[in-house]
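# Overview (structure and organization)
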Amino acid sequence: MHLPMNEIRMVDLNSQYLKIKTKIDLAITDVIEKSEFINGSQVKVFQKQLEDYLNVKHVIPCGNGTDALQIALMALGLKAGDEVITSNFTFIATLEVIALLGLKPILVDVDSDTFNISVEGIKKAITPKTKAIIPVHLFGQCANMDEILTIAADANLAVIEDAAQAFGAKYQLNNSFAHAGTMGDIGCTSFFPSKNLGCYGDGGAMFTNNDELAQKIRSISNHGMKVRYCHDNVGVNSRLDTIQAAVLGVKLKYLDDYNLARQKAAEFYDNAFSGCHKIITPARNPKSTHIFHQYTLIINGKDRDELKNQLQTKGIPAMVYYPVALHAQKAYQYLGYRDGNFPVTEQLCKSVISLPMHTELDVEQLNYITKAVLEFI
Ligand SMILES: *Cc1c(COP(=O)(O)O)cnc(C)c1O
């Protein structure tokens, strides 16, 4: 009997869980039995595991990736009106925290091949008020960090990496490889379930090699406190739950295998679409590994939305990351940008589509997906 193909999902967290169920269940039960729900021992253990994995001096876990970005910016001690440069083609969180803190977001266009922030664009955007750059390692590969770090050093700017989509990616920096999130002053990541290293709820972390920043970040995430009930800074409450730390402690051991599975699926897609001039497959930055948080195509000369609908009718989910540039969002009209200011981002918003990408895709599913895409094209 021919078994029906497994249902295709954009992300398949359930199948992934079933393969490691015994270990996960045990780790969660252990937390519940000890009832150390906040700052339990597993949080500290996971923090150490991450420091080793990333080869970074300090990991500070927190509540989610957005908090990580916010706390990182707070730790820089910027003043209202200071300018922070970031990409116009990213998830809203990157921009949101800059705005929330009363800083001035300066949006920059991206490179059309890698979707990452344009180095030339950064150079043009720097003013005497610029204090920081937040490069986003979009879809799983690093932005041009060597050039960005050089620009930042020359202009005395802080660099906060948004590594939420690239946890586990590596970048070639000065003859060695550094993990995404460990190259700038502070790196931020998210453990949202669908991220490459995801927990079973919300979670996030910050990374730094700078002792002073680490201390500030720890204090800010804990109500601005160093000594209990003495509040030196205005802080927030942002912690990684013990249960989430326990889940992450198990899953971290599988992360490199998970990323490998994503790379294999990406390779399958690449091969299937090579030679089709209406589909542009994702370009690789030669200095970065790509761990395919998303596998994102540019569709040329065909309607991207029609493709999405067509796939849907065949039981294939596909998503558009991102359909609207940040400068065009209603909440950010006050920044005063206009359509036409970001030609690359604006074109990408009309033409990109992300195909199912996760650790559990099998050849049968990949065949079915690629055939359906090519049929439409
Ligand atoms: C997911 C994500 C975030 C935010 O992470 P949360 O944990 O959902 O708050 C920030 N930046 C980027 C680029 C992301 O993809």
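This report concerns the structure included in the present document. Bear in mind the structure is a predicted one, so any value in this text is a computation, not a measurement.

Within this structure, the stated rule accounts for twelve salt bridges. Of the charged contacts in the structure, one is a salt bridge between Glu-360 and Lys-19, with a shortest N-O distance of 2.5 Å. Here Glu-360, found in the loop between β12 (352-355) and α13 (363-376), pairs with Lys-19, found in helix α1 (residues 13-19); they are 341 residues apart in sequence, far enough to count as distant. Here Asp-82 ties to Lys-131 by a salt bridge, and the two come within 3.5 Å at their closest N and O atoms. Of the two residues, Asp-82 is situated in the loop between α4 (65-75) and β2 (83-87) and Lys-131 in strand β4 (residues 130-134); the sequence distance between them amounts to 49 residues. Of the residues examined, Asp-82 reaches a relative accessible area of 7% and is grouped as buried.

The next point concerns the nonpolar core. The biggest cluster of nonpolar side chains holds 33 residues, and the ones touching the most others in it are Ile-85, Leu-107, Ile-117, Ile-122, Ile-133, Ile-148 and Met-183. At the level of elements, α5 (92-100), β3 (104-108), α6 (119-125), α7 (145-155) and β6 (170-173) are the ones that each hand at least two residues to this core. Ranked by residue count, the leading element in this core is α7, at four residues. Split by domain, this core shows at least three residues from each of two domains, domain 1 (15-110 + 117-252) and domain 2 (255-376). Excluding its chain neighbours within four sequence positions, the residues that come into contact with Ile-117 are Ile-85, Thr-86, Ser-87, Val-108, Asp-109, Val-110, Asp-111, Ile-122, Pro-135, Ala-143 and Ile-148. Core analysis: the second largest hydrophobic core is formed by 26 residues, Cys-62, Ala-72, Ile-98 and Met-206 among them.

A few words on the side chain of Glu-51. Summarising the element assignment, Glu-51 is placed in helix α3 (residues 41-54). Buried and unpaired, Glu-51 has Lys-48 as its nearest opposite-charge partner, separated by 4.6 Å. Setting aside chain neighbours within four positions, we find Glu-51 in contact with Val-56, Lys-57, His-58 and Val-59.

Moving on to the sheet that holds strand β10 (residues 279-280). Reading across the sheet, the three strands line up as β10-β11-β12 and stay open at both edges, with antiparallel pairing between neighbours. At either end of the open sheet lies a strand with only one pairing partner, and these are β10 and β12. Judged from the two bridges that link them, β10 and strand β11 (residues 295-299) form a sheet pairing that is antiparallel. The partner of Ile-280 across the bridge, within β11, is Ile-298. Packing of helix α10 (residues 255-273) onto the sheet brings it into contact with β10, β11 and β12, and relative to β11 it is tilted by some 20°.

Turning our eyes to something else, we now look at unusual backbone geometry. Here the residue pair Tyr-321 and Tyr-322 is connected by a cis peptide bond, since its omega of 5° sits within 30 degrees of zero. Here Tyr-322 shows up in the loop between α11 (304-313) and α12 (343-351). The backbone phi angle of Asn-156 is positive, close to 60°, even though this residue is not glycine. Relative to the helices and strands, Asn-156 resides in the loop between α7 and β5 (158-162). Note on Asn-156: relative accessible area 69%, which makes it exposed.

So, about the environment of Leu-374. Checked against the element boundaries, Leu-374 lands in helix α13. Sequence-wise, Leu-374 and Phe-273 are 101 residues apart; in three dimensions their C-alpha atoms are separated by 7.6 Å. The contact partners of Leu-374, leaving out residues within four places of it in the chain, are Ala-272, Phe-273, Cys-276 and Ile-279.

Here we take up the sheet that holds β3. If you walk across this open sheet you meet the seven strands as β1-β9-β8-β5-β4-β2-β3, and the pairing is mixed. Only two strands of the sheet have a single partner each, and these edge strands are β1 (58-62) and β3. Put simply, the sheet's adjacent strands are angled 25° from each other on average, direction ignored. As defined by bridge partners, β5 adjoins strand β8 (residues 186-190) across three bridges and the pair is classed as parallel. Looking at the pairing, Asp-162 lines up with Cys-188 of β8.

Let's shift gears to the packing of α10 against α13. For the pair α10 and α13, the least separation of the axes is 10 Å and the interaxial angle reads 35°. α13 is crossed by α10, and the crossing has right-handed handedness. When α10 is examined against α13, the residues Ala-265, Phe-268, Tyr-269, Ala-272 and Phe-273 are found in contact with a partner set consisting of Val-363, Leu-366, Asn-367, Ile-369, Thr-370, Val-373 and Leu-374. Tallied by class, residues from the contact of α10 with α13 come to ten nonpolar, two polar and no charged.

Rules used in this analysis
- Within any chain, residue numbers begin from 1 and follow the written order of that chain's sequence.
- For this predicted model, a pLDDT threshold of at least 70 governs which residues receive local features, and a threshold of 80 or more governs which side-chain atom pairs are given and counted, while totals over whole chains, interfaces and linings are taken from all residues.
- Only hydrogens and water are set aside; all other atoms, that is, all heavy atoms of the structure, feed into the side-chain values.
- By convention in these notes, a salt bridge is any Lys or Arg side-chain nitrogen within 4 Å of a carboxyl oxygen on Asp or Glu.
- Going along the chain from the N terminus, every DSSP run of H or I of four or more residues is numbered as a helix, and every run of E of two or more is numbered as a strand.
- Note on exposure labels: buried denotes an accessible area under 20% of the residue type's maximum, exposed denotes more than 50%, and partly exposed covers the range between, all computed with a 1.4 Å probe on protein chains only.
- Definition used in this section: a nonpolar core is a set of buried Ala, Val, Leu, Ile, Met, Phe, Trp, Tyr and Cys residues joined via side-chain atoms within 4.5 Å.
- For the purposes of this description, domain bounds are those given by an automatic or database domain assignment.
- Whether two residues touch is decided by their heavy atoms; if any such pair falls within 4.5 Å, the residues are in contact.
- The charged-residue count follows a simple rule in which Lys and Arg add positive charge and Asp and Glu add negative charge, with His and chain termini not counted at all.
- At least two bridges found by DSSP between two strands is the condition for calling them paired.
- Axis geometry follows a simple rule: fit a line to the C-alpha atoms, using only the stretch in contact for helices, then measure angles between N-to-C directions, giving values from 0 to 180 degrees.
- By definition, any crossing whose near helix is turned counterclockwise from its far helix by less than a right angle is left-handed, and any crossing with a clockwise turn is right-handed.
- Note on residue classes: Ala, Val, Leu, Ile, Met, Phe, Trp, Tyr, Cys and Pro are nonpolar, Asp, Glu, Lys and Arg are charged, and everything else, Gly too, is polar.

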